[in-house]
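Single-letter residue listing:
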Amino acid sequence: MNKKLKWLETKRLTIYHPDQSSYNFFIELLTNEEVKKFIISEATEKQIKKDLSGLIKHYNVHGFSAGVVMLNDTKKFIGRAGLYFKELDGEINLCLIYHLLPQYWRKGYGTEMVRSLINFSFKTLKHNKILVLIESSNTSSLKLLQKFNPILNGFVTFKEKKHLKYFIHNKNLDSET
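Bear in mind that the values here come from a model prediction, so they are computed numbers and not experimental data. (Residues numbered from 1 in each chain as written. Predicted model: local features only at pLDDT ≥ 70, side-chain atom pairs only at ≥ 80, totals over all residues. Heavy atoms only, no water.)

## Considerations on the overall build of the protein chain
Summing up its helical and strand segments, the protein chain has five helices and eight strands in all. For the protein chain, the succession of helices and strands along the chain, N to C, is β-β-α-α-α-β-β-β-α-β-α-β-β. Relative to its length of 177 residues, the protein chain is compact, with a C-alpha radius of gyration of 15 Å against a globular reference of 16 Å. In terms of overall dimensions, the protein chain has C-alpha extents of about 35 × 35 × 35 Å along its principal axes. Evaluated residue by residue, the protein chain yields a buried proportion of 51% over its 177 residues. Restricting to contacts in the protein chain with at least 6 residues of sequence separation, those with at least 24 account for 61%. (Helix = DSSP H or I, 4+ residues; strand = E, 2+ residues; numbered from the N terminus. Rg over C-alpha atoms; globule rule 2.2 N^0.38 Å. Buried < 20%, exposed > 50% of the residue type's maximum accessible area, 1.4 Å probe, protein only. Contact = heavy atoms within 4.5 Å.)

Structure below.
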């Protein structure tokens with residue numbers, strides 16, 4: 001990944017803006033059998049190209065999007081994460097997304113990514129509310145999200161799977177976030 005495409009960096013991770021070079025990384029992630037259980041969109045090459053094109057367009061319009069996540073020390077690809085606007089129930093919401101390859105689960109990377117994205121959303125973008133959709137059987141992701149005091153606001157169904165609809169509000173966060 002080219003350094004100029006870097007947009008969010010933490011102690012151990014960097015999120016890079018999406019571009020055409022993100023495609024192979026997204027294929028690796030979104031066709032992984034464990035990851036596919038929890039994603040909303042179809043994991044076909046055609047759909048991944050369409051989603052990537054949308055993320056690139058979102059970045060070009062808004063200056064942020066969901067992109068490739070790499071480890072800082074080894075530059076290894078571990079997942080995708082970011083923020084994007086999503087229309088849901090007739091309302092435009094700032095949506096937080098994160099997916100990691102299974103070998104990087106339960107190592108604190110998810111918490112680190114989500115914390116930095118929330119901070120970026122509230123401090124830089126000045127948004128007061130973030131939407132997070134989580135597939136209802138994804139207990140690890142639900143546990144991670146609880147660290148940020150989310151408010152459950154019902155559910156939506158995608159691909160015949162129930163996804164819990166959470167909002168994280170700026171006023172509900174602890175000062176350490």
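## Considering the pattern of salt bridges
Any two side chains of opposite charge can pair if their charged atoms end up close together. Applying the stated criterion across every chain, the model contains four salt bridges. Linking Arg12 and Glu112 is a salt bridge whose minimum nitrogen-to-oxygen distance equals 2.6 Å. Taken together, the residues Arg12 in the loop between β1 (6-9) and β2 (13-16) and Glu112 in helix α4 (residues 109-124) connect sequence positions 100 residues apart. The exposure class of Glu112 is buried, given its relative accessible area of 16%. A salt bridge links Glu91 to Lys129; the nearest nitrogen and oxygen atoms lie 3.0 Å apart. Taken together, the positions of Glu91 in strand β5 (residues 91-100) and Lys129 in strand β6 (residues 129-135) put the pair 38 residues apart, joining distant regions of the chain. In this structure Lys129 comes out as partly exposed when scored by relative accessible area, which is 30%. (Salt bridge = Lys/Arg side-chain N within 4 Å of Asp/Glu carboxyl O.)

## Here we look at the nonpolar core
Among the nonpolar cores identified, the biggest contains 59 residues, and Ile78, Leu96, Tyr98, Leu117, Ile118 and Val132 are the most heavily contacted of them. Residue contributions to this core peak at seven residues, all from α4. (Core = buried A, V, L, I, M, F, W, Y, C linked by side-chain atoms within 4.5 Å.)

## Things to note about the pairing of β5
Along a regular strand, successive side chains alternate from one face of the sheet to the other. Among the ten residues in β5, eight count as buried, and that is most of the element. Following strand β4 (residues 77-88), the chain reverses through two residues before pairing antiparallel with β5; Asp89 in that reversal takes a positive phi of roughly 55°. (Pairing = 2+ DSSP bridges.)

## Concerning the side chain of Ser141
Its location among the elements puts Ser141 in helix α5 (residues 139-146). Among the polar contacts listed, one links the side chain of Ser141 to the side chain of Tyr98, at a separation of 2.6 Å. Apart from the residues within four sequence positions on either side, Ser141 is in contact with Tyr98 and Ile134. (Polar contact = N/O pair within 3.5 Å; in protein donor to acceptor, adjacent residues only side chain to side chain.)

## Brief notes about the packing of aromatic side chains
By the definition in use, this model includes five aromatic pairs. A cation over a ring is seen here: Lys129 above Phe167, with NZ or CZ 4.6 Å from the ring centre. Looking at Lys162, its charged tip hangs above the ring of Phe155, at a distance of 4.6 Å from the centre. (Phe/Tyr/Trp six-rings, centres within 6.5 Å; stacked < 30°, edge-to-face > 60°. Lys NZ or Arg CZ within 6 Å of the ring centre and 35° of its normal.)

## Quick word on the environment of Tyr166
Here Tyr166 lies in strand β8 (residues 161-169). Tyr166 sits 36 residues away from Ile130 along the chain, and the two C-alpha atoms are 8.2 Å apart.

This is a description of form; function is not addressed.
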